[in-house]
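Structure at a glance
The chain contents come next:
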Amino acid sequence: MTSIERVDAIAHRADITALFGRNDRASFERFFDLAYPASAAAGGCSWVVREDNGAVVAHLAMFPRTLRGAGRSFEAALFGDLIADVSHRNFWTAAKLMRRAVDDLRAEGRIALAYTDPTPPSLPVAKAAGFVPWAELVRFVLPLNRLYLFASRLRSGGHRVRVEIIQPDDPRLAPALLRLGPGPWLGAARTPGMYRAHGSGRPELTPVIVILTSAREPQERAAPLAVALLDRLGATRTVEIVDLLWDDARVSIASVVHSLARAARRNKFDRMYTRSLAGSHLSGELRAAGCMARKDGQPFHRLLLGADPGLPPLDDWVLSPLDGSAW
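Residues numbered from 1 in each chain as written. Predicted model: local features only at pLDDT ≥ 70, side-chain atom pairs only at ≥ 80, totals over all residues. Heavy atoms only, no water.

1. Quick look at the overall build of the protein chain
Looking only at helices and strands, the protein chain features nine helices and 14 strands. In terms of overall size, the protein chain behaves like a compact globule, its C-alpha atoms giving a radius of gyration of 20 Å where 327 residues would be expected to give roughly 20 Å. By principal-axis analysis of the C-alpha atoms, the protein chain measures approximately 65 × 40 × 40 Å. The buried share among the 327 residues of the protein chain stands at 53%. (Helix = DSSP H or I, 4+ residues; strand = E, 2+ residues; numbered from the N terminus. Rg over C-alpha atoms; globule rule 2.2 N^0.38 Å. Buried < 20%, exposed > 50% of the residue type's maximum accessible area, 1.4 Å probe, protein only.)

This is how it looks when you write it as structure tokens:
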């Protein structure tokens, strides 16, 4: 017999990390230590399946997210880190676990929206809990060919922005993440801890945090125009913009993208890409900047936990890979 229990993940760290470790996810322990304490402090939690002997055999996490932009704010929940031992890896165990999590959050009434980006094997589980297809992150590729970049900059305009690599503990990062946003659209608030945790469980990635300031102002006094989280992808010559926040009143998307492209080219990369919601305003901005859409999308599913609090239409949203469960 098994039972489902809502737990403080930090208090059950040993059981949870052991579960991941024996299911070929040994790198998860570092991600847990970087991501879970901040999540718990903000109201995050986990649900576990226990056998009668107390052993944890399955796990699901909820990471709280505050969605903000253009004067709006909503509380949301990202579901992720769903895993089970082989002996309990079946539809019914996972479905009961996710349904229990949804019921608990709905009963609280604190969170308006839950979302997740299920892998193909877990898609039936998400649907069984009430999640419905919602959005798709589309990949936009920008070749770093000199002539193509020059032509794209001429078409889209914009101005040169200074690009500087910074560390997660740089004192400019926290206030920049608090002040900057996804332009006039709705997106999830960011913290330095989220950037620090990104990629910690994936050794093939080399995350880099970049701050962008006006090239017209002295560097030591220039206020941040944008912040970007980048991934260097293994031994390839490809760089991904994983996340982006910017000051819409002072800088355009084209200026930020082309400045990042110039910096990537100087560092011998030959391709840059990012992801944006299909059909969104941001996707249109990326196309105007010369980025080309590909067809390998990342699907998101969502579930309203109560009455619709007035969520905007999909084209007014900004989601990035950092908003997925593999952040």
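2. Focus on helix 5 (residues 146–156)
Between a side-chain oxygen at the N-terminus of helix 5 and the backbone nitrogen of leucine 147 the separation is 3.0 Å; the capping residue is asparagine 145. In the stretch just after helix 5, glycine 157 is the one whose phi turns positive, near 75°. (Polar contact = N/O pair within 3.5 Å; in protein donor to acceptor, adjacent residues only side chain to side chain.)

3. A word on the pairing of strand 5 (residues 113–116)
Burial along strand 5 is two-sided: Leu113 and Tyr115 and Ala114 and Thr116, pointing in opposite directions, are all buried. Of the strand pairs in this sheet, strand 4 (residues 72–84) and strand 5 are connected by three bridges, and their pairing is parallel. Bridge pairing in strand 5 places alanine 77 opposite alanine 114. Tracing the backbone out of strand 4, into helix 3 (residues 91–108) and back to the parallel element strand 5 gives a crossover that is right-handed. Here strand 5 pairs with strand 14 (residues 298–304) via four bridges, running antiparallel. Bridge pairing in strand 14 links tyrosine 115 to arginine 302. (Pairing = 2+ DSSP bridges. Right-handed = clockwise from strand over helix to strand, strands pointing away.)

4. Some points on unusual backbone geometry
Even without a glycine there, the phi angle at aspartate 24 is positive, about 65°. For aspartate 24, the position within the fold is in the loop between helix 1 (13–21) and helix 2 (28–41). Taking relative accessible area as the criterion, aspartate 24 reaches 75% and is therefore assigned exposed. Of note in the backbone geometry, lysine 268 takes a positive phi value of approximately 75° without being a glycine. Relative to the elements of secondary structure, lysine 268 occurs in the loop between helix 8 (253–266) and strand 12 (271–277).

5. Some points on the packing of aromatic side chains
One pair of aromatic rings is described through two measures. These are the centre distance and the angle between the planes. Taken as a whole, this structure holds 14 aromatic pairs when the rule is applied. Note on phenylalanine 28 and phenylalanine 32: the rings are 6.0 Å apart at their centroids and 65° apart in plane angle, and the pair reads as edge-to-face. Of this pair, phenylalanine 28 and phenylalanine 32 both sit in helix 2, four residues apart, which is roughly one turn of the helix. Grouping residues by exposure puts phenylalanine 28 and phenylalanine 32 together as buried. Pairing phenylalanine 31 with tyrosine 36 gives two aromatic rings, centres 6.3 Å apart and planes at 85°, and the pair type is edge-to-face. Tyrosine 36 carries the same exposure label as phenylalanine 31, and that label is buried. Three or more aromatic residues joined by ring pairs make a cluster, and in this case those are Phe20, Phe28, Phe31, Phe32, Tyr36 and Phe63. Here arginine 139 stacks its cationic end above the ring of tyrosine 273, 5.3 Å away from the centre of that ring. (Phe/Tyr/Trp six-rings, centres within 6.5 Å; stacked < 30°, edge-to-face > 60°. Lys NZ or Arg CZ within 6 Å of the ring centre and 35° of its normal.)

6. Quick look at the nonpolar core
Among the nonpolar cores identified, the biggest contains 47 residues, and Phe31, Tyr36, Leu67, Tyr195, Val227, Trp317 and Trp327 are the most heavily contacted of them. Residues in contact with phenylalanine 31, not counting those within four places in the same chain, are Tyr36, Phe63, Asp81, Ala197, Ser200, Gly201 and Trp327. Judged by nonpolar contacts, the second largest core, of 31 residues, contains Val210, Val256, Ala261 and Met272. (Core = buried A, V, L, I, M, F, W, Y, C linked by side-chain atoms within 4.5 Å. Contact = heavy atoms within 4.5 Å.)

7. Side note on the environment of threonine 116
Mapped onto the elements, threonine 116 comes out in strand 5. Sequence separation between threonine 116 and glycine 324 is 208 residues, and the spatial gap between their C-alpha atoms is 6.7 Å. One polar contact links the side chain of threonine 116 to the main-chain carbonyl oxygen of phenylalanine 79, over a distance of 3.1 Å.

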